[in-house]
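Chain by chain, the residues run as shown.
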Amino acid sequence: MGQRRYYALWIPSLNEQIPDVINPEPASVELSDIIGLPPCKLRCEVELSTKNITLYYSLDSIDNERKLSFTHLEAIRSGLISYEVNIPTPADALTECLLSQMHHSIYHYLKGIFHEHNYHEDECDSLLQGYTSTHLIKLSDSKTLKNIYTHYLTEYQDKLNDAYMTLSGQLCKLQETTNVKKAYKQALIEVKQLKRDCQRVMGEASYAEALLEMSRFNIKNTIYNTLRNRLSLLEILREKCYDAYSLINNEYNNRLGRYGIWIGAMGIILTFLLEIYHTSDNTTVQNKSVNTSDNYELTKLINRADSLAAINQQIIDSLQRK
């Protein structure tokens, strides 16, 4: 005996396509971010012909593996795929979580069976809760489909709202760093991080926009318009973030260039001064050498004069004796 739960997973895609298994043996993971759940190890096996999934999990290092069978029901071109799970009773910490709602970490792990992160970082589409129902999910039913689309679009809207506020705060802090503190080296570090965060958010936003367009005629206008407005504001903010990156990067490089010119000029002046010093020093040495040489020559002349005088005196004395 157990309780049945039904899940509709949206497999992020920028174009309409039926989800297909591309990673039948995803690497095992350890979850530690589910409130009330101890660290939990997950691994799974996928049957390619049916797309059925067997999820194995253990709640601690000495716990034997338990398993849940996800039976594939339907899949449609908008990237939705549905599963049925019979959750045994009594429920444990993980299955208790699955009874109420599929946590985003579990959804993200299962989604990795059908989805590759080719054009974005791994976490760009990992912050959604999987759609959960106590009733059989029929993807052909317009009301059910509306509920599923609304669930995921609302999830995206909440996440993108938070992301917008975070990026706006980072941009304001960056303006203080540059305009008030004039700390351009620190500003360059901050703006590089801002650019990376912006790219991550826009990666998630691109999937939100794709789902929004796929579900255009299955959701309320208020849902569509609210998310569309948020996506527009994010695009404007993205341009501001990229402009800030270009401005600060150029200013920092220009300052480095000016410092380089200044240092180069100082180097030339220092070289010139050292050259003068060495020239003066060499002249002094040369003068000392000249003076020493002159004294030596003078001594030689005096000695010669004395010798000549002695010779002359000898000649005179010799003549006198004659």
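For the structure itself, consult the block above.
Residues numbered from 1 in each chain as written. Predicted model: local features only at pLDDT ≥ 70, side-chain atom pairs only at ≥ 80, totals over all residues. Heavy atoms only, no water.

**Quick word on the environment of G79**
Here G79 shows up in the loop between β5 (66-75) and β6 (80-88). Residues G79 and P12, 67 residues apart in the sequence, show an inter-C-alpha distance of 6.7 Å. With near-sequence residues (within four places) excluded, G79 lies in contact with L9, W10, I11, Q17 and P19. (Helix = DSSP H or I, 4+ residues; strand = E, 2+ residues; numbered from the N terminus. Contact = heavy atoms within 4.5 Å.)

**Quick word on the nonpolar core**
Judged by nonpolar contacts, the single largest core of 77 residues is most densely connected at L9, F70, L94, L110 and Y152. Not counting chain neighbours up to four residues away, the residues in contact with L110 comprise L9, I53, L55, F70 and M102. (Core = buried A, V, L, I, M, F, W, Y, C linked by side-chain atoms within 4.5 Å. Buried < 20%, exposed > 50% of the residue type's maximum accessible area, 1.4 Å probe, protein only.)

**With respect to the pairing of strand β3 (residues 40-47)**
What you see with β3 is a clean split: C40, L42, C44 and V46 sit on the buried side and K41, R43, E45 and E47 on the side with no burial. With three bridges joining them, strand β2 (residues 29-31) and β3 adopt antiparallel strand pairing. Bridge pairing in β3 links V29 to L42. By the bridge criterion, seven bridges tie β3 to strand β4 (residues 52-58) in an arrangement that is antiparallel. Bridging across to β4, K41 finds its partner in S58. Connecting β3 to the antiparallel partner β4 that follows it, the hairpin turn spans four residues, and K51 within it adopts a positive phi of roughly 65°. (Pairing = 2+ DSSP bridges.)

**Considerations on the packing of aromatic side chains**
Under the definition given, this model contains four aromatic pairs. Here Y7 and F70 contribute two aromatic rings whose centre-to-centre distance is 6.1 Å and whose plane-to-plane angle is 35°, an arrangement assigned as tilted. With a gap of 63 residues between them, Y7 in strand β1 (residues 2-10) and F70 in strand β5 connect regions that are remote in the sequence. For the pair shown, Y7 and F70 are each scored as buried. Between W10 and Y156, the ring centres sit 6.0 Å apart and the planes meet at 85°, which makes this aromatic pair edge-to-face. (Phe/Tyr/Trp six-rings, centres within 6.5 Å; stacked < 30°, edge-to-face > 60°.)

**Brief notes about the sheet that holds β3**
Spatially, β2-β3-β4-β5-β6-β1-β7 is the arrangement adopted by the seven strands of the open sheet, whose pairing is antiparallel. With one partner strand each, in any of the chains shown, β2 and β7 (131-133) form the two edges of the open sheet. Each strand of the sheet is rotated relative to its neighbour by a mean of 30°, with strand direction disregarded. Across the sheet, helix α1 (residues 93-100) is in contact with β1, β3, β4, β5, β6 and β7; its angle to β1 comes to roughly 65°. (Axes fitted to C-alpha atoms, helices over the stretch in contact; angles between N-to-C directions.)

**Digging into the side chain of T144**
Within the secondary structure layout, T144 lies in helix α3 (residues 142-179). With a relative accessible area of 16%, T144 lands in the buried category. Among residues more than four places away in sequence, those in contact with T144 are I137 and K138.

**Considering the pattern of salt bridges**
Two side chains of opposite charge can pair, provided their charged atoms sit close to one another. Counting across every chain of the model gives eight salt bridges. Across the pair R43 and E45 runs a salt bridge whose closest N-O atoms are separated by 3.5 Å. By relative accessible area, E45 is classed as partly exposed at 40%. The salt bridge involving K173 is made with E190; its shortest N-O contact spans 2.8 Å. Here K173 is found in helix α3, whereas its partner E190 is found in helix α4 (residues 184-214), with 17 residues between them in sequence. A relative accessible area of 48% means that K173 is categorised as partly exposed. (Salt bridge = Lys/Arg side-chain N within 4 Å of Asp/Glu carboxyl O.)

**Focus on the packing of α3 against α4**
Across the interface, α3 lies against α4 with an axial gap of 10 Å and an inter-helix angle of 160°. When the axes of α3 and α4 are compared, the pair comes out roughly antiparallel. In the packing of α3 onto α4, the handedness of the crossing is left-handed. A class-by-class count of the residues in the contact of α3 with α4 yields 21 nonpolar, five polar and five charged. (Parallel < 35°, antiparallel > 145°, perpendicular 65-115°, else oblique. Left-handed = near helix turned anticlockwise from the far one by under 90°. Nonpolar A, V, L, I, M, F, W, Y, C, P; charged D, E, K, R; others polar.)

**Some points on unusual backbone geometry**
For the bond from T89 to P90, the omega torsion is 0°, close enough to zero to count as cis. Assignment of secondary structure puts P90 in the loop between β6 and α1.

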